[in-house]
Amino acid sequence: MRGRVESVNVGVVRTGAWTGDKERTAIDKRPVEGPVRIGSEGLAGDTVCDLRHHGGPDQAVYAYSTADLDFWSAELDAPVPPGGVGENLTLRDVDCSGAVVGERWQVGDAVLVVRLPRIPCRVFAGFRATPDLVKRFMRAGRPGAYLSVESPAAVTRGDPVTVLDRPDHGVTVAEVMAAQAGRPDLLPRIVAARGDLGVRGRRWLDARTGG
């Protein structure tokens, strides 16, 4: 695989009734010009408002593909631009939802590691003004990928994206999302990827399997 960075997006803090009890959110990610440094906790200039469910080393960067954005533009009958699902990196010719857990990506000079799928919440539905969006997002099986940062570096639009290596277990982030959404039959398969899920993912898996 050889793709490229379509845009680098950082959050604008928003408030409103649609944020619910969170009161404020930075799900509104917007493209920025020039290089942006990616560190172990995420992008410089980005904001994470709900630290309980977002952010941290295993969810430092959220990546989504232009192909999946095109899907949602058609599904919602409205343009969904880069950053439109809350992603930090919009990537072209990269299958973010089909990425294998533990897969290592070279993104410009940074090295990122695929960890987890994105599981949406009602804030996401409120942001897109689509009440049933959470169910539709889960059903579509296009979660995008949360990544940890192995080698920090500045990243900018147009940087190449390549896969450095991929674990043999073959478990994808879309499969992990399906298991989290009520497919317990997938858990034995996902156990093979336990070491690549990161702390959050292992905690969830152990709770489901008694590990």
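Residues numbered from 1 in each chain as written. Predicted model: local features only at pLDDT ≥ 70, side-chain atom pairs only at ≥ 80, totals over all residues. Heavy atoms only, no water.

1. Overview of the overall build of the protein chain
Here's step 1: From N to C terminus, the protein chain includes 6 helices and 11 strands.
Here's step 2: For a compact globule of 211 residues, the expected C-alpha radius of gyration is about 17 Å, and the protein chain comes in at 16 Å, within 12% of that figure.
Here's step 3: Once local pairs closer than 6 in sequence are excluded, the contacts in the protein chain between residues at least 24 apart make up 70%.
Here's step 4: Of the roughly 9600 Å² of accessible surface on the protein chain, 49% is carried by carbon and sulfur atoms.
Here's step 5: Averaging the coordinates of the 28 positive side-chain charges in the protein chain and doing the same for the 27 negative ones gives two points 4 Å apart. (Helix = DSSP H or I, 4+ residues; strand = E, 2+ residues; numbered from the N terminus. Rg over C-alpha atoms; globule rule 2.2 N^0.38 Å. Contact = heavy atoms within 4.5 Å. Areas by Shrake-Rupley, 256 points an atom, 1.4 Å probe, with all protein chains shown as cover. Lys, Arg positive; Asp, Glu negative; His and termini not counted. Charge placed at Lys NZ, Arg CZ, Asp CG, Glu CD.)

2. Observations concerning the packing of aromatic side chains
Here's step 1: The tally for this structure, following the rule as stated, stands at 6 aromatic pairs.
Here's step 2: Here the aromatic rings of Y62 and Y64 are separated by 6.1 Å at their centres, their planes lie at 50°, and the arrangement is tilted. Each member of the pair Y62 and Y64 is classed as buried.
Here's step 3: Of the aromatic side chains, those joined through ring pairs into one cluster are Y62, Y64, F71, W72, F124, F137 and Y146.
Here's step 4: Across from the ring centre of F127, 5.7 Å away, lies the NZ or CZ of R128, which sits over that ring. (Phe/Tyr/Trp six-rings, centres within 6.5 Å; stacked < 30°, edge-to-face > 60°. Buried < 20%, exposed > 50% of the residue type's maximum accessible area, 1.4 Å probe, protein only. Lys NZ or Arg CZ within 6 Å of the ring centre and 35° of its normal.)

3. Thoughts on empty space enclosed by the protein
Here's step 1: Within this structure, the stated rule accounts for 1 cavity of 30 Å³ or more.
Here's step 2: Reported here for the largest cavity is a volume of approximately 30 Å³.
Here's step 3: Along its surface, the largest cavity is lined by W72, L76, V80, G84, V85, F124, R128 and L133.
Here's step 4: Residues of the lining of the largest cavity, tallied by class, amount to 6 nonpolar, 1 polar and 1 charged. (1 Å grid on protein atoms, 1.4 Å probe; cavity = no way out; pocket = protein on both sides within 12 Å on 5 of 7 lines; lining within 4 Å. Points joined across faces, edges and corners; volume = space filled by probe spheres on them. Nonpolar A, V, L, I, M, F, W, Y, C, P; charged D, E, K, R; others polar.)

4. So, helix α4 (residues 173-180)
Here's step 1: Of all the residues in α4, the buried ones are V173, V176, M177 and A179. Taken down its axis, α4 places every buried residue within 160° of arc, on the same side.
Here's step 2: Those residues of α4 that are buried are in contact with β8 (110-117), α3 (133-140), α5 (187-191) and α6 (198-209).
Here's step 3: Positioned one or two residues after α4, G182 has a phi angle of 120°, which is positive. (Arc of directions from axis to C-beta.)

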